[in-house]
Amino acid sequence: SKIMSDLTVYAEALISTVARAFYDDEAVCLIDVLIRDKFLRDDDMSPRLQLPARKLRATLQFLQEEHLVKFETVDDLTQGGSQATKFWYIDYNHAVHTIRLRLHLLRKQLEQAEMRARSSSFYLCPGYKDKRCNGRYTEEESQQIVDTDSGLFLCQECFLKYEADPNAPSKDTYTLRLVDNTKDLRLAMDHIRRVTVQLSGKTIGNQQLR
């Protein structure tokens, strides 16, 4: 039916997109061929795909463990094959279910990583190190005073101290610096952005993936 045909197209697009986002070239190549040909015989895949037999077996095993491909053993002596030939294929229903579950868990993990990174962050005034002030703030506390010129956060204690001082030092000397977890936060955000970009606009049936 047309509905089943449309669902298969959506499933193929989803599986192909996920493969390109997260797997190596050999796995992507194998997925593409299985999407195109539907079934592949175990004993003629290596020459067709121009992959060494060992690499092909390892890639198939990996994709099987990822719950993307399955095989059926067929007695095909009449077709000139061995007595027990494996035919590999993509089980679309199972693959789509697995991918959706893993994407959900992945997003949860990324969101948790971002929350951990944010919750452990803090801001310091340069004067804190020199013991000129007590300017250590949580992320929420740091946003109380914002420099209208730069958009950066300023130390509240130093700002109040120098607000009416005609000889006040440069704002650079009391502009807050994010400490400790900038790298972790950037990494978490990059992972979230990567997943969002890779899967933006992808659907399965009438459901958006993000």
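With respect to the overall build of the chain
- Secondary structure assignment for the chain yields nine helices and eight strands.
- A separation threshold of at least 6 residues defines the contact pool for the chain, and within that pool the share at least 24 residues apart is 55%.

Let's talk about the packing of helix α2 (residues 25–37) against helix α4 (residues 53–65)
- Where α2 contacts α4, the two axes come as close as 10 Å, and the packing angle between them is 75°. Accordingly, the angle class assigned to the pair α2 and α4 is roughly perpendicular. When α2 is examined against α4, the residues Glu-26, Ala-27, Leu-30 and Ile-31 are found in contact with a partner set consisting of Lys-55, Leu-56, Thr-59, Leu-60 and Leu-63.
- Looking at the contact of α2 with α4 residue by residue, the classes come out as six nonpolar, one polar and two charged.

Details of the environment of His-94
- Along the chain, His-94 turns up in helix α5 (residues 92–119).
- A C-alpha to C-alpha distance of 7.4 Å links His-94 and Leu-68, two positions 26 residues apart in sequence.
- If near-sequence neighbours (up to four positions away) are discounted, His-94 is found in contact with His-67 and Lys-70.

Comments concerning the pattern of salt bridges
- Scanning all chains against the criterion turns up two salt bridges.
- Asp-130 is paired through a salt bridge with Arg-132; the nearest N and O atoms lie 3.8 Å apart.
- Close ionic contact of Asp-147 with Lys-171 constitutes a salt bridge, the shortest N to O distance being 3.0 Å. On the criterion of sequence distance, the pair formed by Asp-147 in the loop between α7 (139–142) and α8 (156–162) and Lys-171 in the loop between α8 and β6 (177–179) is long-range, its members being 24 residues apart.
- Lys-171 gets classed as partly exposed once you look at its relative accessible area, which sits at 33%.

Focus on the packing of aromatic side chains
- Counted by the stated rule, this structure contains three aromatic pairs.
- Their ring planes at 55° and their centres at 4.9 Å tell us that Phe-71 and Trp-88 sit as a pair that is tilted. Of this pair, Phe-71 sits in strand β2 (residues 69–74) while Trp-88 sits in strand β3 (residues 85–90); the two residues are 17 residues apart in sequence, bridging distant segments of the chain.
- With a centroid separation of 5.7 Å and 75° between ring planes, the pair formed by Tyr-123 and Phe-153 is classed as edge-to-face. Placement of Tyr-123 in strand β4 (residues 122–124) and of Phe-153 in the loop between α7 and α8 is noted, with a sequence separation of 30 residues between them.

What counts as what
Residues numbered from 1 in each chain as written. Predicted model: local features only at pLDDT ≥ 70, side-chain atom pairs only at ≥ 80, totals over all residues. Heavy atoms only, no water. Helix = DSSP H or I, 4+ residues; strand = E, 2+ residues; numbered from the N terminus. Contact = heavy atoms within 4.5 Å. Axes fitted to C-alpha atoms, helices over the stretch in contact; angles between N-to-C directions. Parallel < 35°, antiparallel > 145°, perpendicular 65-115°, else oblique. Nonpolar A, V, L, I, M, F, W, Y, C, P; charged D, E, K, R; others polar. Salt bridge = Lys/Arg side-chain N within 4 Å of Asp/Glu carboxyl O. Buried < 20%, exposed > 50% of the residue type's maximum accessible area, 1.4 Å probe, protein only. Phe/Tyr/Trp six-rings, centres within 6.5 Å; stacked < 30°, edge-to-face > 60°.

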